[in-house]
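# Close look at the chain arrangement
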Amino acid sequence: MAVTILLAGCGKQNTSSGTSPSSAKEQTSTASVAPVAQAAMLAWQQGDKSKGISSFLATDWSASPLFPSDSALSLSEDQFKALSNAARQTKSNEMLPQISSLKQLGEAVAQAGRDAAAKGDTAQARKCFTSLKQCGTALSSPDCLSLVQLVGKAFEKMSDAELAKIGQ
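Note that this is a predicted model, so its numbers are computed, not measured.

### A closer look at the overall build of the chain
Scanning the chain from terminus to terminus reveals 8 helices and 0 strands. Counting across all 168 residues of the chain, residues that qualify as buried make up 41%. Contacts in the chain between residues at least 24 apart in sequence constitute 73% of all its contacts with a sequence separation of at least 6. Working note: accessible area of the chain is about 8,700 Å², and carbon and sulfur atoms make up 54% of it.

### Digging into a nonpolar patch on the surface
On the surface, L96, L147 and L150 cluster together to form a nonpolar patch covering roughly 280 Å² of accessible area. Relative to the elements of secondary structure, L150 occurs in helix α8 (residues 146-166).

### Brief notes about helix α3 (residues 38-45)
An α-helical turn contains 3.6 residues, so a residue and the one three or four places further along point in the same direction. Those residues of α3 that fall on the buried side of the exposure criterion are A40, M41, A43 and W44. One side of α3 carries all its buried residues, which in axial view fall inside an arc of 165°. Two residues or fewer past α3, G47 is found with a positive phi of approximately 90°.

### Some words on the nonpolar core
Ranked by size, the top nonpolar core spans 32 residues in total, and within it F56, W61, F67, L105, V109, L139 and V148 carry the most contacts. Only α3, α4 (49-58), α6 (85-118), α7 (122-139) and α8 provide two or more residues apiece to this core. Of all the elements, α6 adds the most residues to this core, at 7 residues. Setting aside anything within four residues of it in sequence, one finds W61 in contact with V36, A37, F56, L66, S131, Q134, C135 and A138.

### A closer look at the packing of aromatic side chains
All told, the structure shown has 1 aromatic pair when counted by the stated rule. When the ring of F56 is compared with that of W61, the centres are 4.9 Å apart and the planes differ by 50°; the resulting orientation is tilted. Since its relative accessible area comes to 0%, F56 is described here as buried. The aromatic ring of W44 is capped on one face by K49, whose charged end is 4.1 Å from the ring centroid.

### Side note on the side chain of K91
Counting through the fold element by element, K91 comes out in helix α6. By relative accessible area, which is 19% here, K91 ends up buried. What K91 contacts, discounting residues up to four positions off in sequence, is D70, S71, A72, L75, F80 and L83.

### A few points about the confidence of the model for the chain
Do not read the predicted coordinates in detail wherever pLDDT is low. Residues of the chain with pLDDT of at least 70 account for 80%, and the chain-wide mean is 84. Ranking the helices and strands of the chain by mean pLDDT puts α7 first, with 97, and helix α1 (residues 2-6) last, with 36. Overall, residues 1-9 carries pLDDT values under 50, and its contacts beyond four positions in sequence, including any with other chains, amount to 49 contacts. Predicted confidence is poor over residues 11-31, with pLDDT under 50, and the contacts of this stretch with residues over four places away or in other chains come to 11 contacts.

### Considering the environment of L96
Within the fold, L96 resides in helix α6. Taking the relative accessible area as the measure of exposure, L96 reaches 53% and is therefore exposed. Spatially, the C-alpha atoms of L96 and L73 are 9.6 Å apart, while their sequence positions differ by 23 residues.

What counts, and at which threshold
Residues numbered from 1 in each chain as written. Predicted model: local features only at pLDDT ≥ 70, side-chain atom pairs only at ≥ 80, totals over all residues. Heavy atoms only, no water. Helix = DSSP H or I, 4+ residues; strand = E, 2+ residues; numbered from the N terminus. Buried < 20%, exposed > 50% of the residue type's maximum accessible area, 1.4 Å probe, protein only. Contact = heavy atoms within 4.5 Å. Areas by Shrake-Rupley, 256 points an atom, 1.4 Å probe, with all protein chains shown as cover. Patch = residues over 30% accessible without salt bridge, like charges linked within 9 Å, V, L, I, M, F, W, Y side chains within 5 Å. Salt bridge = Lys/Arg side-chain N within 4 Å of Asp/Glu carboxyl O. Arc of directions from axis to C-beta. Core = buried A, V, L, I, M, F, W, Y, C linked by side-chain atoms within 4.5 Å. Phe/Tyr/Trp six-rings, centres within 6.5 Å; stacked < 30°, edge-to-face > 60°. Lys NZ or Arg CZ within 6 Å of the ring centre and 35° of its normal. pLDDT = per-residue confidence, 0-100.

Printed below as a string of structure tokens:
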């Protein structure tokens, strides 16, 4: 369940009641797309660390949504602030384990890159660090919660440091 919540996308949700046929079609196609982080987070949270890392590396971090729409992590900062105190507390309680899992997965991807670099496999190391950077960029979106943005910035900083070590 926490994986599902973590995997919904950051972004503003369309709340207008009137939609044109083309926007209704776009909403339908978006609704059928799995959140991009879902496969990696689900595998990670189920204890399949290897699959979580490989799914993370295969993810197109420029796609959206990042997280499921019912996830606390899918909220923007304004959406989160607009919640009632009770709802904010509930979402905060959901969010913390998800953030923890996301950070653990990101660190595991970075470690996989370090391990690859230590073995002389700079291509694999670069793939790990580049994917981590792309994830960080996606999470740093202003449409994401501030806490999610901080994780994204940490991922970007970590990947930049590691890429510098192996020579981008």
